[in-house]
Amino acid sequence: MRTRLFWKFFAGLFLFSVLLTLAFYFLAVGQARDLYLQAKEDSLVRLGNLVGAELSADWRQLDPADRKAAGAGSLQALIVEKGARSRVRLTVIDPRGRVLADSQKDPAAMQNHADRPEIAAALSGKPRSETHFSFTLRERMMYHALPLKSGGTTVAALRLSFFVSDIELVLAPWRGKVTLLLLILLLVSLLLSLLLSGNLTRPIKELAAAARAVSSGNLDTFVPSRRRDE
């Protein structure tokens, strides 16, 4: 019975430590991931505003409908260049959802994008951020799309995107350090649980031993009181 009581104390204390550690781990990792996502979204918005302003100002020279003035492929070349410099995928989509330029894929081989929620919002004149699966790259992506205007009219949408899986690569070293720290804390918790469980059950063991001695006729048994609690 004494052993069972000790292990009950120990199991309760250590289980509480494990649950507290897991809760802290998932909360910390989740919070870090959310903060990084928000920071990345903010950077996409800022970059999109800069690139979008440049494209809108030069749209008459870059418009694929006027290739004679701009030279064939000038919009595609510009998007590829800016995508390489910013390390962000850039895509330009016309009001019908047709891809005009893309920094990573051949626009002619890409699907119509009119049904993408961020594209639909941008073509209606409202910037929008979304996270969903890319059927072109077969990866989950974060997107930010904004309208490109020329002469007060929305002539296209500019979309910026990056791989959500990149977040895991960025967070992996930090997650490893947090995991190691929490494992050390769990080890310390294991030792403290053992010590505390022994400290809690030791007076009960002494009292039980004294009770057995009294029941066997030894009325001179004395249980010293080392502390002023129950």
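For clarity, every value in this text was computed on a predicted model and none was experimentally measured.

> Break down the nonpolar core for me, with residues and values.
In this structure, Leu55, Leu75, Val92 and Leu158 are the most contacted members of the largest nonpolar core, which totals 25 residues. Those elements that place two or more of their residues in this core are helix H1 (2-57), helix H2 (59-62), helix H4 (74-86), strand E1 (89-93), strand E2 (99-102), strand E4 (139-150), strand E5 (153-163) and helix H6 (165-215). In terms of residue count, the dominant contributor to this core is H1 (five residues).

> Give a description of the confidence of the model for the protein chain that names residues and reports values.
For the protein chain, the mean per-residue pLDDT works out to 81, and 90% of the residues sit at or above 70. Per-residue pLDDT stays below 50 along residues 65-73; that stretch engages in five contacts with residues further than four places along the chain or on separate chains.

> Go over the pairing of E4 with me, naming the residues and quoting the values.
One face of the sheet, then the other: side chains in a regular strand alternate in exactly this way. In terms of burial, E4 is largely enclosed, as nine of its 12 residues are buried. Two elements, strand E3 (residues 128-134) and E4, share seven bridges in a ladder whose sense is antiparallel. Across the sheet, residue Ser129 finds its bridge partner in E4, namely His144. Connecting the antiparallel pair E4 and E5 is a turn made up of two residues, with Gly151 showing a positive phi of about 65°.

> Tell me what's going on with the pattern of salt bridges, and back it up with residues and numbers.
In total, this model carries eight salt bridges according to the counting rule given. Between Asp94 and Arg96 there is a salt bridge, with the nearest N and O atoms lying 3.7 Å from each other. Assessed through its relative accessible area of 6%, Asp94 is described here as buried. With its nearest N and O atoms 2.9 Å apart, the salt bridge here joins Arg159 to Glu118. Of this pair, Arg159 sits in strand E5 while Glu118 sits in helix H5 (residues 117-123), and the two are 41 residues apart along the sequence. Summarising the burial analysis for this pair, Arg159 and Glu118 share the class buried. Residues joined by salt bridges that share partners form a network here, namely Asp94, Arg96 and Arg98.

> Kindly report on H6, identifying the contributing residues and their values.
With 51 residues, H6 should reach 75 Å at 1.5 Å per residue; the first-to-last C-alpha distance of 70 Å fits that figure. In H6, a bend of some 45° at Leu171 exceeds every other bend along the element, and Pro173, a proline, comes one to four places later. Positioned one or two residues after H6, Gly217 has a phi angle of 105°, which is positive.

Here is what the cut-offs are and how they apply
Residues numbered from 1 in each chain as written. Predicted model: local features only at pLDDT ≥ 70, side-chain atom pairs only at ≥ 80, totals over all residues. Heavy atoms only, no water. Core = buried A, V, L, I, M, F, W, Y, C linked by side-chain atoms within 4.5 Å. Buried < 20%, exposed > 50% of the residue type's maximum accessible area, 1.4 Å probe, protein only. Helix = DSSP H or I, 4+ residues; strand = E, 2+ residues; numbered from the N terminus. pLDDT = per-residue confidence, 0-100. Contact = heavy atoms within 4.5 Å. Pairing = 2+ DSSP bridges. Salt bridge = Lys/Arg side-chain N within 4 Å of Asp/Glu carboxyl O. Expected span 1.5 Å × (residues − 1). Bend = angle between axes of the 7 residues up to and from the residue.

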